[in-house]
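This is what each chain is made of:
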Amino acid sequence: MSAKPIIVWFRNDLRLADHRALSAAVANGAAVVPVYIHDLKAAGDWAPGSASLWWLHHSLSALTASLSDIGAPLVLRSGDTEDELAAIAAETGATGLYFSRAYEPWARAQEERVRARFSGSTGIAVKRFASAMLREPEDVRTKAGDPFKVYTPFWRALTALGPPSAPLPAPKTVTSLDKKIISEKLADWKLLPTKPDWAGGMRETWQPGEQGAHARLETFLKTALDGYSDRRNLPAVDGTSRLSPHLHFGEISPHLCWHRATAAREKAGSGDAALETFLKELVWREFSYHLLFHWPTLPEQPFKTEFARFPWDEDAVRRKAWQRGQTGYPIVDAGMRQLWHTGWMHNRVRMIVASFLIKHLLIPWQSGEAWFWDTLVDADLASNAASWQWVAGSGADAAPYFRIFNPVTQGEKFDAEAAYVRHWVPEIAKLPDDVIHAPWTASATVLAKAGVVLGKSYPLPIVDHAAARQRALDGYAAMRA
DNA sequence: TTTTGAGTTGTTCGA
DNA sequence: GTCGAACAACTCAAA
């Protein structure tokens, strides 16, 4: 009785609400065959890292459950994407293949191959839908028709187009196929760590999946949007949205975040800076996608080409100290340990640790990008690449080269009571506020009283700030000469 | 085509 | 202790 089935190919759009491909398939009256294909090869060097795979497992598990609830169980397959889609199309007699658009260079190439595979007389209508961006990258242009390279004009142009489209409701029921389609078992993909199981901190911190995403958004709107402009900078405070991993996996759409936040503030009766700051953060994500789309080498090559000449100083020992949170600078070490433990790091601290790796240690930004890629649950090709290049000074609309964060000053300014440092660097927790961000300045008595032995229980600084700063400035001067 | 105003997130130095 | 200037020109986007 129902029309021929439509395959809905899920990618990083692991949700039911505001899912245009799914809604279109449902509206068509067709039986819906939802599919997810585990194909790490397609992503090449940018296959998800360990932390992302942990998240992916739980997000797929959640999606499986919610799709079953509305009547269409998720089909899991692994292997080559085009082959698997073709096989499922043959098994189901599908007449349509619907999916959400992606913007990573490898994902774009994959879309082209899928289109090619189903073009011609296969009888399968391939339809691509917008999903992850507020506006498509082709639609935000300068008056000359070029893509933007500076954030503020990009923001103005985007907002001048009006609010993003309103989110679609999740389908309540879906017609499923009469026939049973073979699905693999999620557990067999072995996405979770076993020996050792390092994901304890992540389980405590996160609830992956669409439901978790919506809960996170509502909590944020209720508890943190007030005062967001300032409190988002304090790492000891839960003042950020923490939506990044949910957005990366598409468990919630940026459109929905935009509209819910706007509506929440209207009810509160105040149009204001807090809302605008949050919307601007959404648009920073958008700007990163825009850059990656128009400059696909962004993850590998410096956007400003002269940075290929920067005199880097690759040092494996120092890199390791940075990765493990053993640099001797408490705010840096706290951030790196938070990352290792929870798969996430506060945004303010990301800037500090990134500046430290690049400018104090002169280690190439690509090295930090790779570490973040493997350890962050919100690892996102566009945001990660654009942000590392921003700190390095090599990106579009980047930080000026002379902006070198002082890790002591930053700690004192944004973690004044050192609650963040004490939590993540417990071996120095007993140091008093006035020296905890620079333990080497403490007197012997103060150190002894706090039970700190520098060089033993906590490292001495691996570089001297003033000397490192000068070395970085000299490096930039050499590059420009 | 030329001109003009503007550009996320900081630090240091010296008055 | 506080404050403004220097850091260095450069490129982008729009008029």
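Just so you know, these numbers come straight off a predicted model, no measurement behind them.

Conventions used here
Residues numbered from 1 in each chain as written. Chains lettered and ligands numbered in written order. Predicted model: local features only at pLDDT ≥ 70, side-chain atom pairs only at ≥ 80, totals over all residues. Heavy atoms only, no water. Pairing = 2+ DSSP bridges. Helix = DSSP H or I, 4+ residues; strand = E, 2+ residues; numbered from the N terminus. Right-handed = clockwise from strand over helix to strand, strands pointing away. Salt bridge = Lys/Arg side-chain N within 4 Å of Asp/Glu carboxyl O. Buried < 20%, exposed > 50% of the residue type's maximum accessible area, 1.4 Å probe, protein only. 1 Å grid on protein atoms, 1.4 Å probe; cavity = no way out; pocket = protein on both sides within 12 Å on 5 of 7 lines; lining within 4 Å. Points joined across faces, edges and corners; volume = space filled by probe spheres on them. Nonpolar A, V, L, I, M, F, W, Y, C, P; charged D, E, K, R; others polar. Domains from an automatic or database assignment. Near = heavy atom within 4 Å. Polar contact = N/O pair within 3.5 Å; in protein donor to acceptor, adjacent residues only side chain to side chain. Expected span 1.5 Å × (residues − 1). Contact = heavy atoms within 4.5 Å. Phe/Tyr/Trp six-rings, centres within 6.5 Å; stacked < 30°, edge-to-face > 60°.

Attention now moves to the pairing of strand 5 (residues 125–129). As paired elements, strand 4 (residues 96–100) and strand 5 share five bridges and run parallel to each other. The partner of phenylalanine 99 across the bridge, within strand 5, is arginine 128. Crossover strand 4 to strand 5 through helix 4 (residues 105–118) is right-handed.

With the rule as written, the count across this model stands at 20 salt bridges. One salt bridge in this structure joins lysine 280 and glutamate 276, with 3.3 Å as the shortest N-O distance. Highlighted residues: lysine 280 and glutamate 276, both in helix 11 (residues 273–294), separated by four residues, approximately one helical turn. The class for glutamate 276 is partly exposed, based on a relative accessible area of 40%. Put simply, Arg11, Glu111 and Arg128 are held in one network by salt bridges that share partners.

Turning our attention to the layout of surface pockets. The calculated volume of the largest pocket comes to roughly 1200 Å³. Along the walls of the largest pocket sit 43 residues, with Glu281, Trp284, Asn347, Ser383 and Ser387 positioned nearest its centre. When residues in the lining of the largest pocket are grouped by element, the largest group, nine residues, is from helix 11. Classifying every residue of the lining of the largest pocket gives 22 nonpolar, twelve polar and nine charged. When residues of the lining of the largest pocket are assigned to domains, at least three map to each of domain 2 (132–164 + 210–294) and domain 3 (305–480). Taken as a whole, the second largest pocket encloses approximately 340 Å³ of empty space. Lining the second largest pocket we find 18 residues, and of these Pro73, Leu74, Val75, Lys180 and Ile181 sit closest to its centre. Taken together, the elements giving at least two residues each to the lining of the second largest pocket come down to strand 2 (30–38), helix 2 (50–69) and strand 3 (75–78). Per-element accounting of the lining of the second largest pocket gives the leading share, three residues, to strand 2.

Of all residues adjacent to DNA strand B, which total 19 residues, the nearest are Thr152, Trp284, Trp390, Asp397 and His465. At 3.1 Å, a backbone N or O of asparagine 406 approaches a phosphate oxygen of DNA strand B. Taking glutamine 410, its side chain carries an N or O atom lying 3.1 Å from a phosphate oxygen of DNA strand B. Where the surface near DNA strand B is concerned, the elements lending two or more residues are helix 5 (151–160), helix 11, helix 14 (347–360), helix 17 (407–414) and helix 21 (465–480). Among the residues forming the surface near DNA strand B, the class breakdown is seven nonpolar, five polar and seven charged.

The next subject is helix 11. Helix length check: helix 11 (22 residues) gives 30 Å between terminal C-alpha atoms against 32 Å at 1.5 Å per residue, within 8%. Most of helix 11 is tucked away, with 17 of its 22 residues classed as buried.

Let us look at the side chain of aspartate 415. Tracing the backbone through its elements, the reader meets aspartate 415 in the loop between helix 17 and helix 18 (419–424). Looking at aspartate 415, its side chain comes within polar contact range of the main-chain nitrogen of alanine 419, at 3.3 Å. From its side chain, aspartate 415 meets the backbone nitrogen of tyrosine 420 in a polar contact 3.2 Å long. Apart from residues no more than four positions distant in its own chain, aspartate 415 is found in contact with Ala236, Ile331, Gln410, Tyr420, Val421 and His437.

What follows deals with the environment of arginine 318. In this fold, arginine 318 is placed in helix 12 (residues 316–324). Expressed as a C-alpha distance, the spacing of arginine 318 and glycine 120, which sit 198 residues apart in the sequence, is 56 Å. Leave out the neighbours within four places in its chain, and arginine 318 touches Asp313, Leu361, Ile363, Ile462, Val463 and Arg471.

A few words now on the protein's contact with DNA strand C. Around DNA strand C, the surrounding shell consists of Thr142, Lys143, Pro147, Phe148, Lys149, Val150, Pro153, Tyr401 and Phe402. Within 4 Å of the protein, atoms of DNA strand C come from sugar and phosphate in 73% of cases. With respect to DNA strand C, the backbone of lysine 149 contributes an N or O atom lying 2.4 Å from a phosphate oxygen. Note that a phosphate oxygen of DNA strand C is positioned 3.2 Å from one of the backbone N or O atoms of valine 150. Among the residues making up the surface near DNA strand C, the classes are represented as six nonpolar, one polar and two charged.

Attention now moves to the packing of aromatic side chains. For the structure on display, the rule yields 30 aromatic pairs. Where phenylalanine 372 meets tryptophan 388, the ring centres are 5.0 Å apart and the plane angle is 75°; that geometry is what we call edge-to-face. Of this pair, phenylalanine 372 sits in helix 15 (residues 365–375) while tryptophan 388 sits in helix 16 (residues 381–392), and the two are 16 residues apart along the sequence. Of the two residues, phenylalanine 372 and tryptophan 388, neither departs from the other in class, the shared state being buried. Of the aromatic side chains, those joined through ring pairs into one cluster are Phe307, Phe310, Trp312, Tyr401, Phe402 and Tyr476.

This part is about helix 2. With 20 residues, helix 2 extends 29 Å from end C-alpha to end C-alpha; this agrees with the ideal 28 Å at 1.5 Å per step. Along helix 2, the residues classified as buried are Ala51, Ser52, Leu53, Trp54, Trp55, Leu56, His57, Ser59, Leu60, Leu63 and Leu67. Once helix 2 ends, the next one or two residues include glycine 71, with phi positive near 105°.

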